[in-house]
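Here is how the chains run, residue by residue.
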Amino acid sequence: MKVEEKLALNVFKNDKESHIKIHQDICRKKCLTRFCISVCPAHLYSFNEETKEIVVEFAGCLECGTCKVVCKEGAIEWIYPKGEYGVQYRFG
Amino acid sequence: MEKIDVVIVGGGLAGLSCAYALANKDLQVIVVERGDFPGSKNVTGGRLYLLPIKKMTGDMLDGAPFERKVVRERWSLLGDENSFTIDFTSTVLREKNHSYTILRSSFDRWLSEKLIEKGIFVIPKYRVDDVLWENDSIVGIKAGEEKIYANVVVAADGVLSFIGEKAQLKPAMVPQNYAVGIKEIIELPESTINERFNVGSSEGCAHLFIGDVTKGMFGGGFLYTNKSSVSIGIAIGIKALMDRAPLIEAHNLIDSFKERYEIKKLIEGGVISEYSAHLIPEGGFEGLSKLFGNGILIIGDAAGFALNMGITVRGMEFAIASGIIAAETILKAKEMNDFSQNIMSLYEKRLKETFVLKDLYAFRKIRTFLENEDLFSYYPRSFPELIEKIMWFGEGKKRKIGSTLWETMRSTGMLSFKRLKNLYKIKDI
Ligand SMILES: Cc1cc2nc3c(=O)[nH]c(=O)nc-3n(C[C@H](O)[C@H](O)[C@H](O)COP(=O)(O)OP(=O)(O)OC[C@H]3O[C@@H](n4cnc5c(N)ncnc54)[C@H](O)[C@@H]3O)c2cc1C
Ligand code: SF4
Ligand code: SF4
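Just so it is clear, the structure is predicted and the values come from calculations on it, not from any experiment.

Rules of the game
Residues numbered from 1 in each chain as written. Chains lettered and ligands numbered in written order. Predicted model: local features only at pLDDT ≥ 70, side-chain atom pairs only at ≥ 80, totals over all residues. Heavy atoms only, no water. Axes fitted to C-alpha atoms, helices over the stretch in contact; angles between N-to-C directions. Helix = DSSP H or I, 4+ residues; strand = E, 2+ residues; numbered from the N terminus. Parallel < 35°, antiparallel > 145°, perpendicular 65-115°, else oblique. Contact = heavy atoms within 4.5 Å. Nonpolar A, V, L, I, M, F, W, Y, C, P; charged D, E, K, R; others polar. Buried area = accessible area lost by both parts, 1.4 Å probe. Salt bridge = Lys/Arg side-chain N within 4 Å of Asp/Glu carboxyl O. Polar contact = N/O pair within 3.5 Å; in protein donor to acceptor, adjacent residues only side chain to side chain. Near = heavy atom within 4 Å. 1 Å grid on protein atoms, 1.4 Å probe; cavity = no way out; pocket = protein on both sides within 12 Å on 5 of 7 lines; lining within 4 Å. Points joined across faces, edges and corners; volume = space filled by probe spheres on them. Buried < 20%, exposed > 50% of the residue type's maximum accessible area, 1.4 Å probe, protein only. Expected span 1.5 Å × (residues − 1). Domains from an automatic or database assignment. Areas by Shrake-Rupley, 256 points an atom, 1.4 Å probe, with all protein chains shown as cover. Left-handed = near helix turned anticlockwise from the far one by under 90°.

A.B. asks: Please set out the packing of helix 10 (residues 316-336) of chain B against helix 12 (residues 355-362) of chain B residue by residue, giving values where relevant.
C.D. replies: Residues and elements named next belong to chain B. Contact pair helix 10 / helix 12: the axes reach a minimum separation of 9 Å and the direction vectors enclose 135°. Taken together, helix 10 and helix 12 sit at an angle that is classed as oblique. In this structure, helix 10 contributes Glu-317, Phe-318, Ala-321 and Ser-322 to the contact, and helix 12 contributes Phe-355, Val-356, Asp-359 and Leu-360. When grouped by side-chain class, the residues that make up the contact of helix 10 with helix 12 number 5 nonpolar, 1 polar and 2 charged.

A.B. asks: Give a description of the interface of chain B and chain A that names residues and reports values.
C.D. replies: Contact residues are listed per partner, giving 47 residues for chain B and 40 residues for chain A. Carbon and sulfur atoms make up 60% of the surface buried where chain B meets chain A, a total of about 3,700 Å² over both sides. Interface area lost by chain B to chain A is led by Arg-127, Glu-274 and Tyr-275 of chain B, which between them contribute 19%. Inspection of the chain B/chain A interface yields 6 salt bridges. Between Lys-41 of chain B and Glu-63 of chain A there is a salt bridge, with its nearest N and O atoms 3.1 Å apart. On the surface where chain B and chain A come into contact, there are 24 residue pairs in polar contact (both at pLDDT 80 or more). Counting only elements with at least two residues in the side of chain B that touches chain A, the list comes to helix 4 (104-117), helix 5 (162-166), strand 11 (178-187), helix 7 (238-243), helix 8 (250-259) and strand 15 (271-281) of chain B. At 8 residues, the largest contribution of residues to the side of chain B that touches chain A is made by strand 15 of chain B. Residue classes in the side of chain B that touches chain A are distributed as 23 nonpolar, 10 polar and 14 charged.

A.B. asks: Residue-level account of the site of ligand 3, with values.
C.D. replies: Surrounding ligand 3, one finds 13 residues, the nearest of these being Cys-40, Cys-61, Cys-64, Gly-65 and Cys-67 of chain A. Here the residues of the shell around ligand 3 are counted per class, giving 10 nonpolar, 2 polar and 1 charged.

A.B. asks: I'd like a description of empty space enclosed by the protein, backed by residues and values.
C.D. replies: Residue and element names in this part refer to chain A. Scanning the entire structure with this criterion turns up 5 cavities of 30 Å³ or more. Computed from the structure, the largest cavity encloses a volume of approximately 130 Å³. Taken together, 15 residues form the lining of the largest cavity, with Cys-27, Cys-31, Arg-34, Cys-36 and Cys-71 sitting closest to its centre. Mapped by element, the contributors of at least two residues to the lining of the largest cavity are helix 2 (24-30) and helix 3 (35-39). Looking at the lining of the largest cavity, its residues break down into 12 nonpolar, 1 polar and 2 charged.

A.B. asks: Describe the environment of Ala-235 of chain B, naming the residues involved and giving the relevant values.
C.D. replies: All names here are of chain B. Considering the arrangement of structural elements, one finds Ala-235 in strand 14 (residues 229-237). Judged by relative accessible area, Ala-235 falls into the buried class, the value being 13%. Spatially, the C-alpha atom of Ala-235 lies 8.1 Å from that of Phe-222, the residues being 13 residues apart in sequence. With near-sequence residues (within four places) excluded, Ala-235 lies in contact with Val-180, Gly-181, Thr-214, Phe-218, Gly-219, Gly-220 and Ile-280.

A.B. asks: Any details on helix 4 of chain B? Residues and values, ideally.
C.D. replies: Residue pairs spaced three or four apart in an α-helix point in one direction, given the helix's 3.6 residues per turn. All names here are of chain B. Between its first and last C-alpha atoms helix 4 spans 20 Å; for 14 residues at 1.5 Å apiece the expected length is 20 Å, and the two agree. Buried residues in helix 4 make contact with helix 1 (13-22), strand 3 (47-49), strand 7 (121-123) and helix 10. Gly-119 occupies a position one or two residues after helix 4 and carries a positive phi of about 90°.

A.B. asks: Explain the domain arrangement of chain B residue by residue, including any values.
C.D. replies: Residues and elements named next belong to chain B. As assigned here, chain B comprises domain 1 (4-68 + 100-173 + 286-366), domain 2 (176-281) and domain 3 (369-428). Measuring from the centre of the C-alpha atoms in domain 1 to the corresponding centre in domain 2 gives 27 Å. In this complex, domain 1 contributes 24 residues to the contact, which on the side of domain 2 involves 28 residues. Carbon and sulfur atoms supply 59% of the area buried between domain 1 and domain 2, which totals about 2,000 Å² over both sides.

A.B. asks: Explain the site of ligand 1 to me, using residue names and the numbers behind them.
C.D. replies: Residue and element names in this part refer to chain B. The local shell around ligand 1 holds 38 residues, among which Glu-33, Thr-44, Arg-47, Arg-104 and Asp-301 are the closest. Measuring from a nitrogen atom of ligand 1, one finds a backbone N or O atom of Val-128 at 2.9 Å. Relative to its unbound accessible surface of 1,000 Å², ligand 1 loses 98% to contact with the protein. Every element with two or more residues in the shell around ligand 1 is listed here: helix 1, strand 13 (219-225), strand 15, strand 19 (313-314) and helix 10.

A.B. asks: I'd like to hear about the packing of helix 1 of chain B against helix 10 of chain B, residue by residue, with values.
C.D. replies: Residues and elements named next belong to chain B. It is at 7 Å that the axes of helix 1 and helix 10 come closest, and there the two elements cross at 35°. For helix 1 against helix 10, the interelement crossing comes out right-handed. Within the contact between the two elements, helix 1 uses Leu-13, Ala-14, Ser-17, Cys-18, Ala-21 and Leu-22 and helix 10 uses Met-316, Ala-319, Ile-320, Gly-323, Ile-324, Ala-326, Ala-327, Ile-330 and Leu-331. Its residues placed into classes, the contact of helix 1 with helix 10 shows 13 nonpolar, 2 polar and no charged.

A.B. asks: Can you explain the side chain of Ser-112 of chain B? Please cite residues and give values.
C.D. replies: All names here are of chain B. Structurally, the position occupied by Ser-112 is in helix 4. Residue class for Ser-112 comes out buried when judged on its relative accessible area of 3%. With residues near it in sequence (within four places) discarded, Ser-112 still touches Leu-16, Pro-38 and Val-122.

A.B. asks: Which residues make up the layout of surface pockets, and what values do they have?
C.D. replies: Residue and element names in this part refer to chain B. Its boundaries defined by the atoms lining it, the second largest pocket holds a volume of some 410 Å³. As for the second largest pocket, its lining consists of 20 residues, of which Phe-218, Lys-239, Ala-240, Asp-243 and Glu-373 are closest to the centre. Here the lining of the second largest pocket gets 4 residues from one element, more than from any other, and that element is helix 7. Of the residues that constitute the lining of the second largest pocket, the class distribution is 9 nonpolar, 4 polar and 7 charged.

A.B. asks: Explain the pattern of salt bridges to me, using residue names and the numbers behind them.
C.D. replies: Residues and elements named next belong to chain B. Under the definition given, this model contains 34 salt bridges over all chains. Salt-bridge contacts for Glu-259 lead to Lys-264; the nearest nitrogen and oxygen are separated by 3.5 Å. For Arg-314, the salt bridge is made with Glu-317, and the minimal N-O distance between the two is 2.5 Å. Overall, Arg-314 belongs to the buried group, its relative accessible area being 10%. On the accessibility criterion, Glu-317 (1% relative accessible area) is buried.

Next comes the structure, spelled out in structure tokens:
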């Protein structure tokens, strides 16, 4: 099963506003590795070749925080979604 | 300004246990939880060891929604195309209440309902954003526009602990101190689980894996049986993921694990019903945060209380124990009417007298031992290979077992000085 299909099994209550902000200038200037793309268990990060920007589909976020830890450059501003929003695990 | 006694940030096992130990003590206690209900944001592997916390929990876990009692332990070394498994059970394991599998969403929720019955306020759907300071003391918390003033703030907000960070207790997060756990719930009929894992009803199996499950990286796989589902997943060191060349996409690892012959049969016909991920603190003793300050204590994962013992991760009983010990300290502080770090420091003192800091200290070198890459790649490959050679009956004459053993061990480098020296470090743990 593809990771997107797995995410579709979860209960998410999504905010309009993203809880993850990316400072593209830092990515552009400093980052060669783009660890955020490979580590995210939900595979939410990608690089948009046209805009040359890192994109994150925050709506499927599992709130693990792995991306925040791997981005040593500090380009990721990450907070928990506001109360009431985000993933709601039924099993956990 | 109205001030309550205690505000606990986070309704996980740590925070709820702390609140439980404060119930019926004539204190005003509020638990603030960001999820829809306590448990709705929480992920664990699976299994709670009960004996270390038996005395201190009193009646807290009476009637708890345990999934299954673990009566069968399995450890597998996964080579690329073969595997070798140890399967252990015993009368004591079956008779004593040693460990149980649990699912956090229902478990934490159940505990929070028990708290509410005891008059503790549990406020869900609120994210605490900051702590409130008065000079060098913490005097409360802020959640959106709301402020709650309290004599003691307990940071029970889990591994990412923003509250620990704001309170200047938590060290900066570095990749080598954390692993990421990725997990699926796969539903299967109860009877199928009993049969496939060779256990009775309400009995279960804990199965741990190393080797190919993480493609040789620091970490392992797990499979815990629940009543009518299995919890299957991997835990992998974040630094190991970052050091891997070429990089591997973490989300693919669980799929290749499930594709293994050894797993496939066990979960055949099962239905995936949830996909989750969560960090695990793995810094051990060296990775702990400062444990107290004026008006604040930090407990559970937020403090870094978890221990990767290679074959198992222990975090939940540390969370529960630290919560209960924090409560003892708070009661003492209330009695003395002193919430400064003089009294708060009793928390650390008491932790040192219990398994929490004793075990974390005793196993402080385990990480250096586990940093030996051979444990995750070389041994899981070569042991099954050795077994395969011994089991194999081909054409021609069968070689003597002793010489097969000896020669394979020599030719695969199992007896190399470097390997033996690294293994010898086992004496430190
Ligand atoms: C994959 C995996 C496998 C594991 N396997 C095992 C195992 O088999 N056995 C074992 O003993 N341990 C295991 N662990 C470790 C164990 O799960 C943790 O140690 C344990 O859950 C820690 O409990 P806690 O209460 O400290 O933190 P958490 O359970 O994370 O609780 C923190 C709570 O705080 C809330 N919160 C956070 N921030 C805020 C905020 N700002 N405002 C309001 N609320 C907030 C969260 O929503 C959450 O409810 C495993 C962990 C993982 C990820
Ligand atoms: S790891 Fe950080 S700096 Fe690098 S691309 Fe991702 S967000 Fe940008
Ligand atoms: S927190 Fe976890 S799931 Fe969410 S974007 Fe970061 S790595 Fe992906």
